[in-house]
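# Remarks on the overall topology
In case you want the letters, here they are:
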Amino acid sequence: MKQTKWNDSWKFWVDKDSFALVWNIPEEAKEVTLPHDAMIIQPANPDSANGGNTGFRDGGVYTYVKMLYAPEEYRDRTVMLKFEGVYMNAFVYVNGQLAAKNPFGYSTFFVKLDNFLEYGKENEIRVYARAGAMPNSRWYSGAGIYRDVYLLESGLTYLVPEGVQAETEDADDKMAVVNIKTEIKNRKANTEKLVLETSIEDASGNVAARCNSTFVLMESEERKVSQRIVVPEPKLWSAETPDLYTIVSKIYNDSGKLLDENRSTFGIRTLKLDAKRGLRVNGKTIKLRGACVHSDSGLLGSATYDDAHFRQIKMLKEAGFNAIRISHNPAAPALLRACDTLGMYVMDETFDMWNRLKSHYDYGLYFNEWWESDVTAMVRKDYNCPSVILYSVGNEIPEIGTDHGAKLCHEISDKIKSLDNTRFTLASINGVFACGDKIDTIMQDVAADLNKAGKADDSINVNDFMTFMDGYMDEIVVHNAVTKGLEMACAATDIAGYNYMTARYEPDGKKYPDRVIVGSETYPPEIARNWELVEKLPHVIGDFTWTGWDYIGEAGVGIPAYNWGEGGFGATFPAQLAYCGDMDITGFRRPASYFRQIVFGLRKEPYIAVQNPYKYGQKLIKTPWVISDATSSWTFDGCEGKPVIVEVYAPGTETELLKNGVSVGKKPSGKEAGFRTLFETTYEEGTLTAIVYENGKEISRTELVSARGEQKLVLIPEDMPETNSDRQLYYIQVAICGDNNTVVTDCDQKIELSVEGGADVAGFGSGNPKSTYNYNESITETFGGRAMIILKKNGNGSSAKITVKAENGMTAETEIIL
C-alpha cells in the first residue's frame, strides 16, 4: 500500500466537555504537527494526581482533528490510517462515527476508513486520547498522538499492512534460505488471477534474489503466500555488522497491471539458544551487554522521532551496550529502525501488568479483553526487525507464580510462538513480587537466619520492606518460597528473566541444568559482580542494567540525598526524574557509564569521579540504584584544603592517583577491586592524574583538570547519525567553560534562549532531576555547567540562528544549516 506520513495540520485542544452535542473545533484549538506529547506542555506541579510516578505531571482528555478529502476514485480503493501509538484509550471517529478504539497506549493499530468516507467531500478524522483518569502509569507515559500517523492507500486487491514477513531458515557466508510469507487481500466481488513478484535487494539496491508465484484469490479472500528464496553470499545481520536487505513485493493481475507494491527492510540472521552454549547469533555465542530504557525522549517528553532514537542508540552503543530492553511496553517503530540500522539487540516487552493493576486506572482494566490483540500488534510490528531477538511477556507480574498466573504466562508465550517461532520468550520476574503473599514469611525467616548466623545488624527492620530488601536482597531471593514461585513462572518460557536475583545465577544453573537465565533488570552498582558471572556461566546470557538512559517519572529513585525527601524512595517535589541512568536525559554520560564500559573490558583508560566535597562526612541516603554522588569534576570553589574522596574506575592490577604531580598513593584496581578504587585526599585546584598498571607496567592514564580563568558560554551543535527519513531535529549542547575549555560544574546559571529562522524550540533543559523549569520554556538553568537545546525544523528557512544569554551577562551565538 502507498504509505504517506500524515502528521501535519492537526488541530489540538484539551477536551472539557465529553457530552458536547455539537462536535465543533473550538477557537482555542492550536495547530500541531505530530508526533505530539500533550502531557509535557504543562509544567510539573506538586499537587499532581499522578505524583512522582510521572514526575508530578498530569494527563487529561485530548482531542485531535484533521480533515481528509476523499476523491470519487476512493470508491474503488482501500484507504486506512495507521497510528503507531496513542496514549491512552484512543477513540477514532470518522465523520462523527466510531471507526476504531485502542486502550493500550503503546500498540500500532489500523483504522479502515472505507465504510465511513463521504466521497467528493472533506471528512473529519477526530481522535480522542483519554488519559485523564489518574494514576494510570508507574512512569512518565506522556499522552496524545505521540508517535507517527500514516495514510495508507491501495486498490481493492492489496498487500496487507505488516503482512510481508521474512524468516531466515538457514544462513552462512555462502548461502541463506529465506522464507517470505506475504498476506494478500481481495476486496472485489469476483476472483482475481494474480502474480506475486518478490525481490530481495541489498543495501546498494542490487537484486540479490527474486521469485514469482501465480495464484487465484477468490471473492473477498485473504491469503498468505509462502516463497522460499535462496540468497547467495549473504551479508549476515548482527549488532557488529548490521547489514540490511529490502523485500520489494509487487502484485500484478493477469493482464500485467501493477495492483500494489510494498518495501520492507529485514536482516538475514539466525538465532539459537541452549544452556550449554548460551545465545548464538549466526552460530556465534554472544553475551548481552544490556540497558533497560523507558519510552520517553527526555526533553521532548514522549514524542517519538527517528532523529532522537538514532541519536540515543548511537550513544548507548558507543558507551558499550549491545542490547536494550524496552521497559515495559512494546517499542516504537522509530526506535526499532535505529536498532536495525545501527546494530543493537532488542528485548521487546509486552506489558507491565496483567490482571492485577499497579496503578488505579492502568491497562490492567482492559488486559483480559485486549492482550491477544496487543501481543499480535507487537509481533507483527517486530517480525522483520532483525534487532528484536527476545520477547518479554511481562514485567514483575505479581500473579505469575500462581496457578492461573502461570497458565496465563503459558498462553501469552504460546500466542507469541504461534505468530513468530523464530525468537525466544521470557518473563522479567522479580522473585519477591512473584510470591507477594509470602513476603512477611520470607522476611521473618531471613531475619531469623541472620540472627542465628550472627550477621544481623541494627539495620534489620522487617517492618520496612524496601530497606530490608536493600540490605538483604541476596538472602531474600534464594528463599524456598521464591524458588517454588519461579518453578511455576519459568515453566512456559524459553528463558528465565531474573530481576535483581544475581544470587540465584550459579545455584540455579546446577539445580536446573537446562534453564537459560538473563539478568533482565539489575542494580547499576553490581555490574562488576554481575558481569563476572555472565562471563563465567554459559547459561547466563546477559545483564540489563536499570537504566541505560534516565527518564521522567519514578521520581527520585536514583537521586542521592542527605536528608529525607531530597531523593530516594521518599523524594518529594520538585524531583521529576528517576536519575538512575548511565546517561542523563540529555544524553550526557554519567560516571556509571564509564564504570560499566571498563567492567565490560571495552575501555582501557581509567575514569576519575569525585564525591561531593561539600557533603564530606555526611551520611548518604541512597537506594540500590545509586553508586555514590560522584561527578567527574575537579572544580569545587571554597573547598580548598578540605577532605574529599576520589573514585577511580580502572582495569589493570593497580592504580595510582596523582594530585598536581604528587602521588596520593597506589591501590589495587581491576577485578580484585571491583574496578572501583577509592582515594581520600584534600581538594586543591589543578590536575588529578590516574595511572593504571598491569603487573607493574603502565598501561593507561587520564587526567581531570579544574576549570580556570574567565568563564564563557559555549554552544556545540552535535553531529547526528543518518536516519532513514528527513532530518527534523537538531541538538546543540550548552556549556559554561573556563578559559581552558573545562566545564565549570559548580557555578550554574539561569540561561535564556532565542531562535530565529527555520527552526523552533522542541526542548530546552538539562539533566537536573529537580528542574523548576518546563522543557518547552525559553528559560532554564544549567546543571553541572551543562544544558541542551533541541530544535525542530519549521520550514521557514534553511538555517537557524541560536542565541543564549546567561544571568551573569555571558552570551553565545551560533548558526546551524538545516
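Residues numbered from 1 in each chain as written. Predicted model: local features only at pLDDT ≥ 70, side-chain atom pairs only at ≥ 80, totals over all residues. Heavy atoms only, no water.

## A short note on the overall build of the chain
From N to C terminus, the chain includes 10 helices and 43 strands. A globule of 818 residues ought to have a C-alpha radius of gyration of about 28 Å, and the chain, at 28 Å, matches this closely. Along the first, second and third principal axes, the C-alpha set of the chain runs to 90 × 65 × 55 Å. Burial analysis of the chain (818 residues in total) assigns 60% to the buried set. Carbon together with sulfur atoms contributes 46% to the accessible area of the chain, which is approximately 32,100 Å² in total. Computed over 88 positive and 114 negative side-chain charges, the inter-centroid distance for the chain is 4 Å. (Helix = DSSP H or I, 4+ residues; strand = E, 2+ residues; numbered from the N terminus. Rg over C-alpha atoms; globule rule 2.2 N^0.38 Å. Buried < 20%, exposed > 50% of the residue type's maximum accessible area, 1.4 Å probe, protein only. Areas by Shrake-Rupley, 256 points an atom, 1.4 Å probe, with all protein chains shown as cover. Lys, Arg positive; Asp, Glu negative; His and termini not counted. Charge placed at Lys NZ, Arg CZ, Asp CG, Glu CD.)

## Description of the sheet that holds strand β17 (residues 258-266)
Ordered by their spatial adjacency, four strands build an open sheet running β14-β13-β16-β17, and the pairing between neighbours is antiparallel. Edge strands, defined here as strands with exactly one partner in the open sheet, are β14 (207-217) and β17. Each strand axis lies, on average, 15° off the axis of its neighbour in the sheet, ignoring direction. As defined by bridge partners, strand β13 (residues 192-201) adjoins strand β16 (residues 245-253) across eight bridges and the pair is classed as antiparallel. For Val195, the partnering residue across the bridge sits in β16 and is Tyr252. (Pairing = 2+ DSSP bridges. Axes fitted to C-alpha atoms, helices over the stretch in contact; angles between N-to-C directions.)

## Comments concerning a nonpolar patch on the surface
Together, Phe19, Leu21 and Val22 make up a nonpolar patch on the protein surface, roughly 430 Å² of accessible area in all. Position of Phe19 relative to the elements: it lies in the loop between β2 (10-14) and β3 (30-32). Overall, the relative accessible area of 70% leaves Phe19 in the exposed class. (Patch = residues over 30% accessible without salt bridge, like charges linked within 9 Å, V, L, I, M, F, W, Y side chains within 5 Å. Salt bridge = Lys/Arg side-chain N within 4 Å of Asp/Glu carboxyl O.)

## With respect to the sheet that holds strand β11 (residues 157-171)
Across the sheet, which stays open at both edges, the three strands sit in the order β11-β12-β15 with antiparallel pairing between neighbours. Strands with a single pairing partner mark the edges of an open sheet, and in this sheet they are β11 and β15 (222-232). When the angles between neighbouring strand axes are averaged without regard to direction, this sheet yields 20°. Sheet topology note: the strand β12 (residues 175-186)/β15 ladder contains 11 bridges and is antiparallel. Among the inter-strand pairings, Lys185 is bridged to a residue of β15, identified as Glu222. Contacts between helix α3 (residues 367-382) and the sheet are confined to β11 and β12, with β11 contributing the most and set at about 65° to the helix. (Contact = heavy atoms within 4.5 Å.)

## Here's the deal with the pairing of strand β43 (residues 811-817)
Successive side chains on a regular strand alternate, one facing one side of the sheet and the next facing the other. Judged by which residues are buried, β43 turns out to be one-sided: Ala812, Thr814 and Ile816 face inward and are buried, whereas Thr811, Glu813, Glu815 and Ile817, on the alternate face, are not. In the sheet, strand β42 (residues 799-806) pairs with β43 via seven bridges, with the strands oriented antiparallel. If you follow Lys801 over to β43, its bridge partner there is Glu815. What sits between the antiparallel neighbours β42 and β43 is a turn of four residues, in which Gly809 has the positive phi angle 100°.

## A word on the nonpolar core
The biggest cluster of nonpolar side chains holds 173 residues, and the ones touching the most others in it are Trp10, Tyr64, Phe83, Leu288, Ile324 and Trp354. Non-local contacts of Leu288, meaning those with residues more than four positions away in its chain, are made with Leu279, Asn322, Ala323, Tyr345, Ile389, Leu390, Trp531, Ile541, Gly542, Asp543 and Phe544. If you look at the next biggest cluster of nonpolar residues, it comprises 22 residues, including Leu715, Val744, Leu753 and Ala812. (Core = buried A, V, L, I, M, F, W, Y, C linked by side-chain atoms within 4.5 Å.)

## Considerations on unusual backbone geometry
In this structure, Met88 follows Tyr87 across a cis peptide bond, with omega equal to -20°. Residue Pro135 is bonded to the preceding Met134 through a cis peptide linkage, with omega at 0°. Along the chain, the position of Pro135 falls in the loop between β9 (121-130) and β10 (149-154). The backbone of Phe56 shows a phi angle near 60°, a positive value even though the residue is not glycine.

## Observations concerning the environment of Asp445
Turning to its location among the elements, Asp445 is positioned in helix α5 (residues 439-452). Assessed through its relative accessible area of 33%, Asp445 is described here as partly exposed. Of the polar contacts made by the side chain of Asp445, one reaches the side chain of His479; its length is 2.9 Å. (Polar contact = N/O pair within 3.5 Å; in protein donor to acceptor, adjacent residues only side chain to side chain.)

## Overview of the packing of aromatic side chains
Under the criterion given, the structure shown has 34 aromatic pairs. These aromatic residues form a ring-pair network of at least three members: Tyr87, Phe104, Tyr106, Phe351, Trp354, Tyr363, Phe367 and Trp371. The ring of Phe600 has Arg289 sitting right over it, with the charged end atom 5.9 Å from the ring centre. (Phe/Tyr/Trp six-rings, centres within 6.5 Å; stacked < 30°, edge-to-face > 60°. Lys NZ or Arg CZ within 6 Å of the ring centre and 35° of its normal.)

## A look at the packing of α3 against helix α4 (residues 403-419)
When two helices pack together, their arrangement is given by the angle between the helix axes and by the axis-to-axis distance. Here α3 crosses α4 at 35°, and the two axes come no closer than 9 Å. The hand of the α3/α4 crossing is right-handed. For the pair α3 and α4, contact is made by Phe367, Trp371, Glu372, Val375, Thr376 and Val379 and by Leu408, Glu411, Ile412, Lys415, Ile416 and Leu419, respectively. Of the residues in the contact of α3 with α4, the class split is eight nonpolar, one polar and three charged. (Left-handed = near helix turned anticlockwise from the far one by under 90°. Nonpolar A, V, L, I, M, F, W, Y, C, P; charged D, E, K, R; others polar.)

## Concerning the pairing of strand β29 (residues 607-610)
What you see with β29 is no split at all: Tyr607 and Ala609 on one side and Ile608 and Val610 on the other are buried throughout. Note that β29 and strand β30 (residues 643-649) share four bridges and pair antiparallel. Looking at the pairing, Ala609 lines up with Glu647 of β30.

## With respect to the side chain of Thr157
Of note, Thr157 is situated in strand β11. A distance of 3.1 Å separates a polar atom in the side chain of Thr157 from a polar atom in the side chain of Asn186. When neighbours within four sequence positions are excluded, Thr157 is seen to be in contact with Ile184, Lys185, Asn186, Lys188, Glu192, Leu194, Ile251, Leu259 and Asp260.

## Here we look at the pattern of salt bridges
Two side chains that carry opposite charge are able to pair once their charged atoms sit near each other. Summed over the entire model, instances satisfying the criterion amount to 39 salt bridges. Taking the shortest distance from any N to any O, the salt bridge between Glu169 and Arg228 comes out at 2.7 Å. With a gap of 59 residues between them, Glu169 in strand β11 and Arg228 in strand β15 connect regions that are remote in the sequence. Its relative accessible area of 53% is what places Arg228 among the exposed residues. Asp474 is paired through a salt bridge with Arg529; the nearest N and O atoms lie 2.9 Å apart. Here Asp474, found in helix α6 (residues 465-477), pairs with Arg529, found in helix α9 (residues 527-536); they are 55 residues apart in sequence, far enough to count as distant. By relative accessible area, Arg529 is classed as partly exposed at 32%. Residues joined in a network through salt bridges with shared partners are Arg138, Asp352, Lys358 and Glu554.

## Thoughts on the packing of α9 against helix α10 (residues 591-599)
Across the interface, α9 lies against α10 with an axial gap of 10 Å and an inter-helix angle of 25°. On the basis of the axis angle, α9 is roughly parallel to α10. Here α9 runs over α10; the crossing is right-handed. Contacts from Ile527, Ala528 and Trp531 in α9 reach Phe595, Arg596 and Val599 in α10. For the contact of α9 with α10, the class distribution of residues is five nonpolar, no polar and one charged. (Parallel < 35°, antiparallel > 145°, perpendicular 65-115°, else oblique.)

## As for the environment of Asp15
With respect to the element layout, Asp15 can be found in the loop between β2 and β3. You can call Asp15 buried: its relative accessible area is 14%. Not counting chain neighbours up to four residues away, the residues in contact with Asp15 comprise Val61, Thr63 and Tyr128. Within the structure, Asp15 has its side chain in polar contact with the backbone nitrogen of Asp17 (distance 3.5 Å).

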